[in-house]
Amino acid sequence: MSEQTNQNRTPRPGGDRRGGRRNDRLSTNQQREEKAFEEIVIGIDRVARVVKGGRRFRFKALVVVGDKKGKVGVGVSKGADVQVAVQKATDVAKKHLIHVPILNGTIPHDVEVKLSGARVLLKPAAPGTGVIAGGVVRNIIAVSGINNLLSKSLGSSNKVNIAYATIEALKSLVPRDQWLGQEGRKKREEGSKKSIEKADEVKSASVKKADEAKKPANKEPK
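Within each chain, residue numbers correspond to sequence positions counted from 1 in written order. Residue-level local features of this predicted model are given only where pLDDT is at least 70; pairs of side-chain atoms are given and counted only at 80 or more, and the full residue set underlies all totals for whole chains, interfaces and linings. As a convention, hydrogens and water are excluded, and side-chain values are obtained from all of the structure's heavy atoms.

## Describing the nonpolar core
Here's step 1: Nine residue types can take part in a nonpolar core, namely buried Ala, Val, Leu, Ile, Met, Phe, Trp, Tyr and Cys, and a core is a set of them joined through side-chain atoms within 4.5 Å. Any residue under 20% of the maximum accessible area for its type is buried, any over 50% is exposed, and the rest in between are partly exposed; the area is computed with a 1.4 Å probe on protein chains only. Core analysis: the largest hydrophobic core is formed by 31 residues, its most contacted members being Val64, Val72, Leu122, Ile140 and Leu170.
Here's step 2: Secondary structure is summarised from DSSP: a helix means a run of H or I of at least four residues, a strand means a run of E of at least two, and numbering begins at the N terminus for each. Within the residue set of this core, elements represented by two or more residues are strand E1 (38-51), strand E2 (54-66), strand E3 (71-79), strand E5 (111-115), strand E6 (118-124), helix H4 (135-144) and helix H5 (159-171).
Here's step 3: Listed in part, the seven residues of the second largest apolar core include Ala61, Val65, Ala85 and Ala93.

## Observations regarding the side chain of Ser151
Here's step 1: Tracing the backbone through its elements, the reader meets Ser151 in strand E8 (residues 149-155).
Here's step 2: Here the side chain of Ser151 touches Ile132 through a polar contact of 3.1 Å, landing on its backbone oxygen.
Here's step 3: Setting aside residues no more than four positions away along its own chain, Ser151 makes contact with Leu121, Leu122, Ile132, Ala133, Gly134 and Val137. Polar contacts here mean pairs of N or O atoms no more than 3.5 Å apart (in protein, one a potential hydrogen donor and the other a potential acceptor; neighbouring residues in sequence count only if both atoms are side-chain atoms). Working rule for contacts: check all heavy atoms of both residues, and any pair within 4.5 Å makes them a contact.

## Here we look at the pairing of E8
Regular strands have side chains that alternate between both faces of the sheet.
Here's step 1: Relative to E8, E6 is paired through seven bridges, and the arrangement is antiparallel. Considered in E8, the bridge of Pro124 is made with Leu149.
Here's step 2: Pairing of strand E7 (residues 131-132) with E8 involves two bridges; the strand directions are parallel. In the sheet register, Ile132 faces E8, and the bridge partner there is Leu150. Between any two strands, at least two bridges found by DSSP are needed for them to pair.

## Some details on unusual backbone geometry
If a residue is not glycine, its phi is most likely negative; likewise, a peptide bond is most likely trans.
Here's step 1: Positive phi, normally seen in glycine, also occurs at Lys68, with a value near 60°.
Here's step 2: Its place among the elements puts Lys68 in the loop between E2 and E3.
Here's step 3: The class for Lys68 is partly exposed, based on a relative accessible area of 48%.
Here's step 4: Although it is not a glycine, Ser116 adopts a positive phi angle of roughly 55°.
Here's step 5: Considering the arrangement of structural elements, one finds Ser116 in the loop between E5 and E6.
Here's step 6: Overall, the relative accessible area of 54% leaves Ser116 in the exposed class.

## Description of a positive patch on the surface
Here's step 1: On the surface, Arg49, Arg56, Arg58, Lys78 and Lys88 cluster together into a positively charged patch.
Here's step 2: Its location among the elements puts Lys88 in helix H3 (residues 82-95).
Here's step 3: Using a relative accessible area of 35% as the deciding quantity, one classes Lys88 as partly exposed. Within this analysis, patches are made of residues with over 30% relative accessible area and no salt bridge. Like charges are joined at 9 Å or less; nonpolar side chains (Val, Leu, Ile, Met, Phe, Trp, Tyr) at 5 Å or less. Computed with the Shrake-Rupley method and a 1.4 Å probe, the accessible areas treat only the protein chains shown as cover for residues. Any Lys or Arg side-chain nitrogen located within 4 Å of an Asp or Glu carboxyl oxygen qualifies as a salt bridge. Charge counting follows a simple rule: Lys and Arg are positive, Asp and Glu are negative, and His as well as the terminal groups are ignored. Where a charge sits is defined by one atom per residue type, namely NZ (Lys), CZ (Arg), CG (Asp) or CD (Glu).

## Some details on the pattern of salt bridges
Here's step 1: Within this structure, the stated rule accounts for four salt bridges.
Here's step 2: Among the salt bridges present, the one from Glu39 reaches Lys94, with a minimum N-O distance of 3.9 Å. With Glu39 in strand E1 and Lys94 in helix H3, this pair connects stretches of sequence that are 55 residues apart.
Here's step 3: Using a relative accessible area of 37% as the deciding quantity, one classes Lys94 as partly exposed.
Here's step 4: Of the charged contacts, one joins Arg119 and Glu112 as a salt bridge, the two residues approaching to 2.4 Å between their closest N and O atoms.
Here's step 5: Residue classification places Glu112 among the partly exposed residues on the basis of a relative accessible area of 44%.

## Looking at the packing of aromatic side chains
Here's step 1: Think of it this way: a Phe, Tyr or Trp ring, Trp meaning its six-membered ring, pairs with another when their centres are within 6.5 Å, and the plane angle makes it stacked under 30 degrees, edge-to-face over 60, tilted otherwise. For the structure shown, the criterion picks out zero aromatic pairs.
Here's step 2: Both a distance and an angle decide whether a charge sits over a ring: NZ of Lys or CZ of Arg must be within 6 Å of the ring centre and within 35 degrees of the ring normal. Taking NZ or CZ as reference, Arg46 lies 4.3 Å from the ring centre of Phe57, over its face.

Here it is in structure tokens:
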């Protein structure tokens, strides 16, 4: 009798319950592994727009994304919901990624950038120093892959301005292997300018001599 009841049971549409849960966990783990960029929400603000019927509230999100291998980006966006604003800001940040040159876990040289009211100063640090920075700069540096850094945020305390100033500072960094190339280019430009100036001087002198030769000699009075 028990065998007949077991045979008459219809299988569940989802199959084995435990097996389904295990498969779901595997799929979520695969999605986490495929996620190449790390996202950090720096700030969420509520903004209002005055319309005819009153005030319309929305949310503004500031997000930074990076792969901890030298790629980092910042995005700002608005949305009717916090989740929508964060997702849109993340998409904007991924579209504006920059590559940061990293040398022995730090930046290759000092850099200072002023953007709007914010001013950010970044300095390389010795191994073991860690990231000494404020909140916004620390979040950006954390996802960029830099392990040792000294920084100072000067001027405005606006998070958006500080974030974009930090990105501009990282964008302006020059790799160490390109320093000599830039110096050589400058020397070549200076040498070409000097040669052009010398050629102009020689040309003007020759023209002057030719003009003097064409002039008739003044006859002495008898």
